[in-house]
Amino acid sequence: MGHGHGHGGHGAGRAADRRRLKIVLAVTGSILVLQAVGGVVTGSLALLADSAHMAMDAGGVLLALGASYVAARPAGERTTFGYHRAEVLAALANAVVLLAVGAVLLVAGASRLADPGEVDAGPMVLFALTGLVANGVSMAVLSRSDTGSLNLRGALMEVMADLLGSVFAIVAGLVILLTGFQRADPIASLLIAVMILPRAFTLARDALRVLFEVAPDGLDLAEVTAHLRRMDGVVDVHDLHAWTITSGLPSMSAHVTVTEEALAAHGVGGMLDRVSSCVAEHFEVRHATFQIEPESHRAHEDLGEAH
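Residues numbered from 1 in each chain as written. Predicted model: local features only at pLDDT ≥ 70, side-chain atom pairs only at ≥ 80, totals over all residues. Heavy atoms only, no water.

By the naming in an unreviewed UniProt entry, the protein goes by Cobalt-zinc-cadmium efflux system protein and is assigned to Nocardioides zeae. The protein has a UniProt comment under Sequence similarities (unreviewed entry) that states "Belongs to the cation diffusion facilitator (CDF) transporter (TC 2.A.4) family. SLC30A subfamily." (UniProt positions renumbered as here; feature names shortened; annotations may be inferred.)

Q: Whenever I open this one, the pairing of strand β1 (residues 234-246) confuses me. Can you help?
A: The side chains of a regular strand alternate between the sheet's two faces. Most of β1 is tucked away: 10 of the 13 residues are buried. Looking at chain direction, β1 and strand β2 (residues 249-258) are connected through 9 bridges and run antiparallel. What sits directly across from H238, in β2, is H255. If you look at the hairpin formed by β1 and β2, you'll find 2 residues sitting between the two strands, and G248 has a positive phi there, around 85°. (Buried < 20%, exposed > 50% of the residue type's maximum accessible area, 1.4 Å probe, protein only. Helix = DSSP H or I, 4+ residues; strand = E, 2+ residues; numbered from the N terminus. Pairing = 2+ DSSP bridges.)

Q: What am I meant to see in the nonpolar core here?
A: Side chains of a nonpolar character, in soluble globular proteins, are inclined to be buried together. The biggest cluster of nonpolar side chains holds 40 residues, and the ones touching the most others in it are L21, V24, L98, L142, L150 and L203. Only α1 (8-42), α2 (45-71), α3 (85-114), α4 (121-143), α5 (150-179) and α6 (184-211) provide two or more residues apiece to this core. The element best represented in this core is α5, accounting for 14 residues. Listed in part, the 24 residues of the second largest apolar core include L228, M271, V279 and F283. (Core = buried A, V, L, I, M, F, W, Y, C linked by side-chain atoms within 4.5 Å.)

Q: How should I be thinking about the pairing of β2 in this particular structure?
A: Of all the 10 residues making up β2, 9 are buried; the element is thus mostly covered by neighbouring parts of the structure. The pairing of β2 with strand β3 (residues 287-294) spans 8 bridges and is classified as parallel. Counterpart to M252 in the pairing with β3 is A288. Note that the unit made of β2, helix α8 (residues 260-283) and β3 has a crossover that is right-handed. (Right-handed = clockwise from strand over helix to strand, strands pointing away.)

Q: Please explain the UniProt feature "transmembrane region" (unreviewed entry) in the protein as it appears in this structure.
A: Under the feature "transmembrane region" (unreviewed entry), the UniProt entry names residues 23-48, 54-76, 88-109, 121-142 and 163-181. From the first C-alpha to the last, residues 54-76 spans 37 Å; its make-up is 78% helix and 0% strand. End C-alpha to end C-alpha, residues 121-142 measures 31 Å, and it is 100% helix and 0% strand.

Q: What is the right way to look at the packing of helix α7 (residues 221-229) against α8 in this model?
A: Angle between the axes and distance between the axes: these two values describe a pair of packed helices. In contact at an axis separation of 11 Å, α7 and α8 are set at 135° when each is read in the N-to-C sense. Accordingly, the angle class assigned to the pair α7 and α8 is oblique. The way α7 lies across α8 gives a crossing that is right-handed. Residue-level inspection shows E223, V224, H227 and L228 of α7 in contact with α8, the latter providing V275, C278, V279, H282 and F283. Considered class by class, the residues forming the contact of α7 with α8 number 6 nonpolar, 2 polar and 1 charged. (Axes fitted to C-alpha atoms, helices over the stretch in contact; angles between N-to-C directions. Parallel < 35°, antiparallel > 145°, perpendicular 65-115°, else oblique. Left-handed = near helix turned anticlockwise from the far one by under 90°. Contact = heavy atoms within 4.5 Å. Nonpolar A, V, L, I, M, F, W, Y, C, P; charged D, E, K, R; others polar.)

This is how it looks when you write it as structure tokens:
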């Protein structure tokens, strides 16, 4: 016995996210091509290295966009929940890439503190300004989303890492130009890593929580149980489970034991409407499945209680 709800708003939000990702991919791809051509024409190794970094970010955005399209595929006979988890897997992949980038920056920054070398600060500032403008546009586009998508968060963090890199590179370049302090460059790399790594860990943790079907943040199952048990006619709530299909789509299932009088007064459908409305209004869970059981059936719940 279940009770379902539509997810049209969820789908519309994801469609808007895909449009944002396309814009960001176009911006990133344009800057990537511009910097690659400029590196070949000018012979600038720094510009070629920056274009390679942009290529990695474009790959992250492309991964997020592809995952969003896969997640939009309809459910099938065997894929009853659809492909929503594709977005979560893409977010986890982006988190792993960010963790790797942060680790590389930490190692490279630490090694260059001892031997900073010479940095051509003038071109460094100009290239960083180009990246700052492009990433600023991308950040503004992605930040307008309100879906809470882990997939979009992964793409946003890729862009944010670049934005931080551009800001710190500009500051470091100016410091080198004005003071000749060459260690400003590796210090900037270390600061970027320190800011990236905690956020990457958080993104990976949130993705893993969804994959391991941990109860959604902020949802107290003991409180849900107590709330349902206070409803007129409800005797017991057991086998309560809550998980997240994908970010922004929490789900719940439970067995609800009710009195014979409640069943006579409201019927199974009426009780389903009451408990479903309760968790939707009070706990914002709109994808819930309940099994309504008469009180006389409690003696047959041994199998459920064993789990």
